[in-house]
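Chain by chain, the residues:
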Amino acid sequence: MFRGFTEEKNMINIAIDGPAGAGKSTIAKKAAADLGYVYVDTGAMFRAIGLYMVRKGTNLEDPAEIALNAGGADVDIEYKDGEQCVLLNGENVNGLIRTEEISDAASRVAVVPEVRKKMLELQRNIASKHDVIMDGRDIGSAVLPDADLKIFLTASVDVRAERRYRENIAKGMEADIEEIKQDIRERDERDMTRSEAPLVKVDDAIEIDSSYMTIEQVVEKIEELAGNLK
Ligand code: DC
């Protein structure tokens, strides 16, 4: 059950899709706050399932085992002080899902149809009740094909790797730029080539390449596009 909001009317839905590291979550969060919409980070839901599988010792190379275990993972979203909290079987796991291990696990569980089906229902339910900016990989193509505005946010592999490198260094973590690039390429490949809801730019999406734009410039552009929706 989605908690924290109750009204039901015609909701505005904005979909933002794109590869890892293009800046989707930072940008979507800011734009949602400015526009007074709910920000929905769907990657965090897949990350919660990834965490569940890692804890359970699931073989992540085996989609059948993931599908079997997925029944035990109840994922839900609640909002506290405007912040999205991802609940895994009732536990707030926000602080546990941003590691490289869980990023990798999330992209592996995301190829499994049973997992995607569960997440799709949760995501549509939220979007039917609130004005949302929802970010992910298949929002414009599969989750909200009738979204009022669809954005496809990209950036080059080099720029995305550079951003992740700087984030890791700032967090005091070790970082190797070539390893990061390799990891980004592999994750892109997995997200774009899976048979189930792959990352694609749909025809009615507006593409924004954030490689040489600041966060503020991208947010401004999206707000400009969203300006005509209400
Ligand atoms: O955006 P992110 O890095 O937090 O997403 C984690 C993984 O989940 C990513 O590898 C792709 C997957 N994902 C997906 O398949 N569909 C979505 N709507 C969102 C994320």
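This structure is a prediction, so every number in the text was calculated from the model and none was measured.

I'd like a rundown of the pairing of strand β4 (residues 83-88), residues and numbers included.
Among the six residues that make up β4, five are buried, leaving the element largely enclosed by the rest of the structure. The pairing of strand β3 (residues 75-80) with β4 spans six bridges and is classified as antiparallel. Bridged to D76 within β4 is L87. Following β3, the chain reverses through two residues before pairing antiparallel with β4; D81 in that reversal takes a positive phi of roughly 50°. By the bridge criterion, two bridges tie β4 to strand β5 (residues 91-92) in an arrangement that is antiparallel. For L87, the partnering residue across the bridge sits in β5 and is N92. Hairpin connection between β4 and β5: a loop of two residues separates the two successive antiparallel strands, and N89 in this loop has a positive phi of roughly 45°.

How would you summarise the sheet that holds strand β8 (residues 206-209) if you had to cite specific residues and measurements?
Pairing is parallel across the open sheet formed by five strands, whose spatial order is β2-β6-β1-β7-β8. For this open sheet the edge positions go to β2 (38-41) and β8, each flanked by a neighbour on one side alone. On average, each strand axis in the sheet is inclined to that of its neighbour by 20°, with strand direction left out of account. By the bridge criterion, four bridges tie β2 to strand β6 (residues 132-136) in an arrangement that is parallel. Across the sheet, D41 pairs through a bridge with D135, a residue of β6. Contacting β1 (13-17), β7 (149-154) and β8, helix α9 (residues 215-226) crosses the sheet at an angle of about 165° to β7.

Outline the site of the ligand, supporting the account with residue identities and numerical values.
Taken together, 16 residues are adjacent to the ligand, and R47, S107, R116, D138 and R194 come closest. Here an oxygen atom of the ligand sits 2.6 Å away from a polar atom, N or O, in the side chain of R47. In this structure, D138 approaches the ligand through a side-chain N or O atom, which is 2.9 Å from a nitrogen atom. The protein chains hide 95% of the 450 Å² of surface that the ligand would expose on its own. When contributions to the shell around the ligand are tallied by element, the ones reaching two or more residues are α2 (42-56), α4 (100-109) and α8 (177-193). By residue number, the principal contributor to the shell around the ligand is α2, which donates four residues. Broken down by class, the residue content of the shell around the ligand amounts to four nonpolar, four polar and eight charged.

So, how was this worked out
- Residues numbered from 1 in each chain as written.
- Predicted model: local features only at pLDDT ≥ 70, side-chain atom pairs only at ≥ 80, totals over all residues.
- Heavy atoms only, no water.
- Buried < 20%, exposed > 50% of the residue type's maximum accessible area, 1.4 Å probe, protein only.
- Helix = DSSP H or I, 4+ residues; strand = E, 2+ residues; numbered from the N terminus.
- Pairing = 2+ DSSP bridges.
- Axes fitted to C-alpha atoms, helices over the stretch in contact; angles between N-to-C directions.
- Contact = heavy atoms within 4.5 Å.
- Near = heavy atom within 4 Å.
- Polar contact = N/O pair within 3.5 Å; in protein donor to acceptor, adjacent residues only side chain to side chain.
- Areas by Shrake-Rupley, 256 points an atom, 1.4 Å probe, with all protein chains shown as cover.
- Nonpolar A, V, L, I, M, F, W, Y, C, P; charged D, E, K, R; others polar.

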